[in-house]
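Examining the three-dimensional arrangement
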Amino acid sequence: MRRALELARQGQAEGEVPVGAVVVLDGRIVGEGWNRPIAAADPTAHAEIQALRAAAEAVGNYRLAGAQLYVTLEPCTMCVGAMFHARIARVVFGARDPKTGSAGSVIDLFGETRLNHHATVVGGMLAEESAALLSSFFAARR
């Protein structure tokens, strides 16, 4: 999670909303990313998607069975869907997102029994640090 926070700071330095993510497989980071929708002119360029793309390329497979994804902000619906397709086994996030969070804040897609994939979810890891980074970013923009 500390590496995800470093990546979030990198995104912030680029003028992006400071969210960072890493994918860990077999004890090593195989993919990492930070928010880049502005720079990439791509609405799907969230930190989690960037990390999943990098991990899939690194292992040569879009299925990342057994992998863990660490992200500084509770994932949105799009990112949860991508995690399902990648077969991520465990998701760990920092701050909750009361506006678009899809791991319990607005909706809990991970708890939806009708979906064909499930992951273990742990929220609140380094939540204060993650939330402070986001709060300071948005305060500076106001």
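Everything here concerns the structure above.
Residues numbered from 1 in each chain as written. Predicted model: local features only at pLDDT ≥ 70, side-chain atom pairs only at ≥ 80, totals over all residues. Heavy atoms only, no water.

Description of the overall build of the protein chain
Note the cut-off: The secondary structure listing takes helices from DSSP runs of H or I that are at least 4 residues long and strands from runs of E that are at least 2 residues long, numbered from the N terminus. Throughout, the radius of gyration refers to the C-alpha atoms, and the reference size of a globule is 2.2 Å times the residue count to the power 0.38. Exposure categories follow from relative accessible area, calculated using a 1.4 Å probe and restricted to protein chains: below 20% of the type maximum is buried, above 50% is exposed, and the middle band is partly exposed.
Looking only at helices and strands, the protein chain features five helices and five strands. Counting helices and strands in the order they occur from the N terminus, the protein chain gives α-β-β-α-α-β-α-β-β-α. Taking 142 residues into account, the globule formula puts the C-alpha radius of gyration at 14 Å, and the protein chain, at 14 Å, falls close to it. Within the span of the protein chain, comprising 142 residues, buried residues form 44% of the whole.

Considering helix α3 (residues 47–59)
Quick reminder of the rule: Under the convention used throughout, the expected extent of a helix is 1.5 Å for every residue step, that is, one less than its residue count. The contact definition used throughout considers only heavy atoms, calling two residues in contact when any of these lie within 4.5 Å.
Between its terminal C-alpha atoms α3 stretches 18 Å, which fits the 18 Å expected from 13 residues at 1.5 Å a residue. The set of residues buried in α3 consists of Ala47, Glu48, Ile49, Gln50, Ala51, Leu52, Ala55 and Ala56. For α3, the secondary structure elements touched by its buried residues are β1 (20–25), β2 (28–34), β3 (68–73) and α4 (77–86). In the stretch just after α3, Gly60 is the one whose phi turns positive, near 75°.

What to know about the nonpolar core
Cut-off, in case you're wondering: Note on terminology: a nonpolar core comprises buried Ala, Val, Leu, Ile, Met, Phe, Trp, Tyr and Cys residues joined through side-chain atoms within 4.5 Å.
Counting 30 residues, the largest nonpolar core has Val23, Leu52, Leu64, Leu69, Met83, Ile88 and Phe110 as its most contacted members. Counting only elements with at least two residues in this core, the list comes to β1, α3, β3, α4 and β4 (90–95). Other than its neighbours up to four places away in sequence, Met83 contacts Glu48, Leu52, Leu69, Pro75, Ile88, Val91, Phe110 and His117. Ranked by size, the runner-up nonpolar core spans eight residues in total, among them Met1, Ala4, Leu7 and Val24.

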